[in-house]
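In case you want the letters, here they are:
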Protein chains: 4
Amino acid sequence: MGGQAETVSTAPERTGDLARRFAEIRGLSLSLAETLTDADATVQSMPDASPAKWHLAHITWFFETFVLRDHLSGYRLFDADWPFLFNSYYEAEGARHARPQRGLLSRPTLDEVRAYRAHVDAALLDALPRLSESCGWLIELGLHHEQQHQELLLTDLKHLFSCNPLGPAAWPAASATPSTEPAPLGWHDGPVGLVEIGDDESGFAFDCERPVHRHYLAPYALADRTVTNREWCDFIADGGYTSPGLWLDDGWSWVKREGIAAPLYWRDGESGREAFTLAGWRALDPAAPVTHISFFEADAYARWAGARLPTEQEWEAAARHADPHAGNQLDRAGPVSPVPVAAEEGLAGLFGNVWEWTGSAYRPYPGFAIADGAVGEYNGKFMNGLYVLKGGSCATPRGHLRASYRNFFAPEKRWQFTGLRLARSL
Amino acid sequence: MGGQAETVSTAPERTGDLARRFAEIRGLSLSLAETLTDADATVQSMPDASPAKWHLAHITWFFETFVLRDHLSGYRLFDADWPFLFNSYYEAEGARHARPQRGLLSRPTLDEVRAYRAHVDAALLDALPRLSESCGWLIELGLHHEQQHQELLLTDLKHLFSCNPLGPAAWPAASATPSTEPAPLGWHDGPVGLVEIGDDESGFAFDCERPVHRHYLAPYALADRTVTNREWCDFIADGGYTSPGLWLDDGWSWVKREGIAAPLYWRDGESGREAFTLAGWRALDPAAPVTHISFFEADAYARWAGARLPTEQEWEAAARHADPHAGNQLDRAGPVSPVPVAAEEGLAGLFGNVWEWTGSAYRPYPGFAIADGAVGEYNGKFMNGLYVLKGGSCATPRGHLRASYRNFFAPEKRWQFTGLRLARSL
Amino acid sequence: MGGQAETVSTAPERTGDLARRFAEIRGLSLSLAETLTDADATVQSMPDASPAKWHLAHITWFFETFVLRDHLSGYRLFDADWPFLFNSYYEAEGARHARPQRGLLSRPTLDEVRAYRAHVDAALLDALPRLSESCGWLIELGLHHEQQHQELLLTDLKHLFSCNPLGPAAWPAASATPSTEPAPLGWHDGPVGLVEIGDDESGFAFDCERPVHRHYLAPYALADRTVTNREWCDFIADGGYTSPGLWLDDGWSWVKREGIAAPLYWRDGESGREAFTLAGWRALDPAAPVTHISFFEADAYARWAGARLPTEQEWEAAARHADPHAGNQLDRAGPVSPVPVAAEEGLAGLFGNVWEWTGSAYRPYPGFAIADGAVGEYNGKFMNGLYVLKGGSCATPRGHLRASYRNFFAPEKRWQFTGLRLARSL
Amino acid sequence: MGGQAETVSTAPERTGDLARRFAEIRGLSLSLAETLTDADATVQSMPDASPAKWHLAHITWFFETFVLRDHLSGYRLFDADWPFLFNSYYEAEGARHARPQRGLLSRPTLDEVRAYRAHVDAALLDALPRLSESCGWLIELGLHHEQQHQELLLTDLKHLFSCNPLGPAAWPAASATPSTEPAPLGWHDGPVGLVEIGDDESGFAFDCERPVHRHYLAPYALADRTVTNREWCDFIADGGYTSPGLWLDDGWSWVKREGIAAPLYWRDGESGREAFTLAGWRALDPAAPVTHISFFEADAYARWAGARLPTEQEWEAAARHADPHAGNQLDRAGPVSPVPVAAEEGLAGLFGNVWEWTGSAYRPYPGFAIADGAVGEYNGKFMNGLYVLKGGSCATPRGHLRASYRNFFAPEKRWQFTGLRLARSL
């Protein structure tokens, strides 16, 4: 922790600003669950996913444990039995409820969890003026952590509702606007030679984005937009899912074992292909970016297209001057979904819409070291078997992203808003 | 179905009586779920168990499908999508929601299921005077079916709450009365020679209880009561769970694989052994019958005690003149639990309290034939790998039991209120 | 053991006779492995099967342990490390090599195992005149045990070779004789009322066949022969494997999970159906009894045919006066296979050819008790989840069978020579 | 293939040299199996491993298929059924025997496989003068391929014998020489800045080592030798296997799931720690490099030691001027084992002894492309979830290694001769 705190090289935000951001972000979480029943918020549809109620409680537990319990003398836990329930994976924090059993917690109720949130929020806001600067960093970490869980809450909810034969909608659909398919792919050369990669510590970043370091890039080009549903349909029609030569060996095993033949959430409806969304089943928009694909699928598509996935360094170098707050990102509760991207000068839609799989294994940067203590478990211990994704999605809260941001998932996972942008060596 | 109906040899109950029983039994189901939240009623804690909401809807589906849809012309389904959700295992009724996924149905809500019940109940009671006699038999079957699910609802709920580290209580505990341990086991000889086994068709019975037939019994004795918790503690203390020679081979594999060392729901509390109940964690009552044991455990205990399990025929012959409506059975919603049995002349506590494992595999009676049609799937297709249990439990609705009643579970299952009574050959 | 020995009510065979039978039976085992390479005799094709080498060593271990070690003072083990390798499942004999790892024992070699056999045989024959009477019973048990493993050696070898794409033959095929299909099924009534079941202790029998006891039989008829391959083809053509209504629930799950669509070892060859045999792939003989079917398949076939499986008591009562040494049984090493049965008065082919599945769960007879000590583990501990088979097969050594003989396998197993004979209630 | 052939920029070896190398390498394979029985060479101890007989046949199939069948007109296959058996994973070559079933092939026999080798060798040597230059490249590829299988044959055999409770020795132990523990670890700075990585095409290399490319290295140091058994014992004594904070999350799950507490092949003998070797169980040599550890263990050890694993680029840059033919490598059949390394100037023991885990995921180099055709499946399709190892082992045939050589295994695998060398950032 101390090590982490030291890495905050900028002055802390003033208390007032922090309090305002705290209220805004905490409020968004609650609004995401507003249309849910207690049952909706309780059920876990697969071990990868967590119940909405659990998300709401876990991110509160983070503040209660690492800020209030550790730094506010005299603070009493809301309920001494709850830390066991809502610790996610911090070994240093002791035993915890097994992850695949999160969906068995019909108690506490959603309302009790809301009361927990109110209690912790009040205590934290009350204490805020008296807390040390390093607590400011912890609160900042907690808010970014909460934003991550906002995205997970949405993707986990989508998965849950997709398992229900009734196909419920979390929100009514926005009115459909006719969408136009984008122009054919264009290519843009990226920066080459020695580039700087990683966060330069001018603002908040997670430990895995540091330290900033040099990396050598050979000449390459990136596609000016992500792959669309229409293009993915061409891949299917051309035998993409039945040609072993296109696939990594593990990917091909996965395709055969799981009977994969399309992105997650696709089905053949009576009047054409449909995709499940947070507004229920909807006609597939051919102009929108393909999403809910695995790394294996992205990699096979790229081989089919005579291209490859970008490395994380290529992507980051090319995105360094793009605005990370632009694009289709999460502003408020609703049925978020990728949308067609308007052409623009250079690389369109780098941020928002869909996470872009890279070909880079999620491994430590040169000079990276895992911090001591529980917070040190945040990222480093997951650096095995995963791939880096860049750019964020329609479900990422606006304000959360950076060019150096490294998201990471296992190569067969599909329930996040994942897509791809092609690259090629020059 | 026709074949089944023909087996009802007695005249149908008058409509008024049937309506009254219908209302009573349907009402008890609702009252069992009265203290549950929507979330409590939604979650599935293991594939063997079903959510309370699912139970409430499934037993309603049974009436809607086999009575209203099939016999009431012009009846419109409450919701055409729901049969897919609430068919349990009837292949003849078409595709259905996968059993292990029942817990993902956060929608429909518990209140919507209550509305479904009200709709079907009103339609059925309205139509009752006009329905044929064979419908009377179907309604009777539906009511006994509903009673089975009442017991399952309670045992499934108990299992769910036992998985919650908070140990919630479905109902407050009844005031504890000091209990007295029973006298040492006594033995009573059972009827020998040719006996009649099975239901003689003087009232309702399930297909698997028929036809009545002769069976030859060699001399034997039954214990005058079931085994108690105190006695089970002696078994544990004497190495019962660590002596392979006491166990069936499959049982010993199960003990090692699952790390079994006590009945389900036991734990060591600070002031002694505790057991989980529908009123939360409670001190273990040494005088009460042991419960939540598997067939494997019952069989090993019997071998340890120098005895054996009774056969289903021995049990039934010995119980023929006992009152199946007596004993600790389910009368109303509440934290049902086995209670110490007062000594009585002969065999005490045959009905109610705990289901008694027999040594008999659940197989068809001589002359048994599976009926045609969906209702024919009721029992016969499960006659593999299971053992017969007799006598009912504290969670069996009073009025549901008979001496010929055959319950059946796999030998490793423990979440029902299962216990044992010793037997020996003479 | 003592208890077992006491049950031998007849006088022991004279030493000379026993020595002769010992030499004959031990010799047959060796001859069964004569055409095998060391590798053939080493490999294990599935956990259910054991390598030929292991069989040869295990049955030798039985004599070495329970006769020589226990009753011949001064006997030294051939190799002190081998009992760990060749104990099958006797918990009382201590730790043992895991069953699924039997196929990893490339050492000792087949020749070393032959030397082990020679060593033990010489020691036993030398000591025979000095051994006590109860040892005579143990040797008798050991010989019957060895005969069981002779059958397993053949069926395990057949399975192993069937897994080899080269389809090797253990022996050359016998010259084919044109076979004639039998007449349509006829039916014969069996004995009814109180019958005696089980072994009456006039000769050798396994513990599970005892004690003899009374059983009541209601009127029934048995088919006069077993079901043929031709008839099985009709079952397939009529949708037998695709009609859930014909199957037990567990059976239907098994069919779907394993993709079952025909008996084991069937394939479609270029000129029609073929079956794998100990002489390699051969054209299917429509006149021969169907074999390598599971209980689930037998039960489904019987339902399809409007019949049922016999109970073990019905079969035994009907077979009481048949000659158990007649029929197609194992006399010498070679490619044994079921053959068409010539019509005869009454029930044809009760013994030999194929084991006949009964509808009876393998459970203890009234009055059965597991003996103390290691030999007590022989049968009793397996009495869960299995079904009884009667009558023996073409791979059962002649001299091994009795009407009271109870073989037993799990309902999905197919690698034994299993078939079925229909029954019906009258 | 064409693409591959073009990458051979040097002139082909003269036929005579190639014939000589062919005979030498092919001969070594045979000598490795010389002491094996047919059974030893047939059994497969786990899905990762293959039988010795299969290795011998598979590497022959490679020559028969890609050289003789494809380039020698009129060549007739030794046996048309064998390609199905001995294709490893080439999808483009059609269906093949399932990998986990390789151990079921008791036929063909080891001698038949030797005859296959003789047949193919004679045909190839006979045709050699007439084959095209690109065939020279294919033969070269086949020889390097065969060397890889020589190492696998030894490690697979070691695993098989380790599973046998008798602990057989493949060869007698070499006479033990007293070993001296090395001096404490020293550190040497590696080359920094822009370095060249990958094979420069001056000789044979696998596709995954290409193309040569620039890589930027920040300052770092490497340990001057690999970690020893003594040091590993300190790690164990200090709670290395029971401290979750030292482990990657997947590694910690693996430790708990598999009960890992020491390197593979260690046991506690009566007079201290022992390790299984190709000469059977031997006392552990504290001075020798630790081996048979997983990536997870290597990574945890490095964290415990306050260090980290080197990247593959750091290792390669530091090894560029070391002699890849030096060190403890495979020269002839025998019980190869890592030996203590004598101190030397700089980095000792880079080549031979134990493969050194790096922290680099096995992913394509910049500009890498999978070649078309079956040979294109050689490496690229495995680039998921694996880590790069460098430097070779005591079981790697001398002549096979290069600084650019990339070996790769999954992070939990331990049956190769794997060890580690520490690194740290400066």
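The structure presented is a predicted model; accordingly, all values stated were derived computationally and were not measured. Along each chain, residue indices are assigned from 1 in the same order as the chain's sequence is written. Written order determines the labels here, with chains lettered from A and ligands numbered from 1. For this predicted model, a pLDDT threshold of at least 70 governs which residues receive local features, and a threshold of 80 or more governs which side-chain atom pairs are given and counted, while totals over whole chains, interfaces and linings are taken from all residues. Calculated side-chain values reflect all of the structure's heavy atoms, with hydrogen atoms and water omitted.

Q: Quick rundown of the overall build of chain A? Include the residues and the values.
A: From N to C terminus, chain A includes 10 helices and 12 strands. C-alpha atoms define the radius of gyration in this analysis, and the globule rule sets the expected value at 2.2 Å times the number of residues to the power 0.38. For 426 residues, the compact-globule estimate of 2.2 N^0.38 gives 22 Å, and chain A sits close to it at 22 Å. Each principal axis of the C-alpha atoms in chain A carries an extent, and together these give about 65 × 55 × 40 Å. Burial classes follow relative accessibility: with a 1.4 Å probe on protein chains only, a residue under 20% of its type's maximum area counts as buried, one over 50% as exposed, and anything between as partly exposed. For chain A, the proportion of its 426 residues judged to be buried stands at 59%. Restricting to contacts in chain A with at least 6 residues of sequence separation, those with at least 24 account for 80%. Note on areas: these come from Shrake-Rupley sampling with a 1.4 Å probe, and a residue is covered only by the protein chains present in the view. Taken as a whole, chain A presents about 15800 Å² of accessible surface, with 51% of it coming from carbon and sulfur. Elements are defined by DSSP. Helices are runs of H or I of four residues or more, strands are runs of E of two residues or more, and each kind is numbered from the N terminus. The contact definition used throughout considers only heavy atoms, calling two residues in contact when any of these lie within 4.5 Å.

Q: How would you sum up the interface of chain B and chain C? Please name residues and give values.
A: How large an interface is tends to be reported as the accessible area lost when its parts come together. Contact with chain B, which involves 28 residues of that partner, is made by 28 residues of chain C. Interface area for chain B against chain C, summed over the two sides, is near 2300 Å², with a carbon-plus-sulfur share of 52%. Once two parts are joined, some of their accessible surface, as seen by a 1.4 Å probe, is lost; buried area is that loss totalled over both. On the chain B side of the interface with chain C, the three residues burying the most area are Tyr 216, Arg 363 and Asn 384 of chain B, jointly 27% of the side's total. Take a side-chain nitrogen of Lys or Arg and a carboxyl oxygen of Asp or Glu: if they are within 4 Å of each other, that pair is a salt bridge. On the surface where chain B and chain C come into contact, there are two salt bridges. Between Lys 381 of chain B and Asp 249 of chain C there is a salt bridge, and its shortest N-O distance comes to 3.9 Å. Secondary structure elements with two or more residues in the side of chain B that touches chain C: strand E3 (213-217), helix H8 (249-258), helix H9 (295-304) and strand E8 (355-361) of chain B. With four residues, H8 of chain B is the single largest residue contributor to the side of chain B that touches chain C. Broken down by class, the residue content of the side of chain B that touches chain C amounts to 14 nonpolar, six polar and eight charged. For this classification, the nonpolar set comprises Ala, Val, Leu, Ile, Met, Phe, Trp, Tyr, Cys and Pro, the charged set comprises Asp, Glu, Lys and Arg, and every other residue, Gly included, is treated as polar.

Q: Give a description of the packing of aromatic side chains that names residues and reports values.
A: The rule is short: rings of Phe, Tyr and Trp, with Trp giving its six-membered ring, pair when the centres are within 6.5 Å, and they are stacked under 30 degrees, edge-to-face over 60, tilted in between. By the definition in use, this model includes 126 aromatic pairs over all chains. Here the aromatic rings of Phe 62 of chain B and Tyr 90 of chain B are separated by 6.5 Å at their centres, their planes lie at 65°, and the arrangement is edge-to-face. Within this pair, whereas Phe 62 of chain B is found in helix H3 (residues 52-71), its partner Tyr 90 of chain B is found in the loop between helix H4 (82-86) and helix H5 (110-127), the two being separated by 28 residues in sequence. The burial state of Phe 62 of chain B is the same as that of Tyr 90 of chain B; both residues are buried. Where Phe 204 of chain B meets Phe 206 of chain B, the ring centres are 5.2 Å apart and the plane angle is 85°; that geometry is what we call edge-to-face. Since its relative accessible area comes to 4%, Phe 206 of chain B is described here as buried. Taken together, the ring pairs in this structure connect Phe 22, Trp 61, Phe 62, Phe 63, Phe 66, Tyr 89, Tyr 90 and Phe 382 of chain C into an aromatic cluster. Between the NZ or CZ atom of Arg 406 of chain B and the centre of the ring of Tyr 365 of chain B, over which it lies, the distance is 3.9 Å. The ring of Trp 54 of chain C has Arg 102 of chain C lying over it, and the distance from NZ or CZ to the ring centre is 3.6 Å. Whether a charge sits over a ring comes down to the Lys NZ or Arg CZ being within 6 Å of the ring centre and within 35 degrees of the ring normal.

Read these as geometric descriptors, not functional statements.
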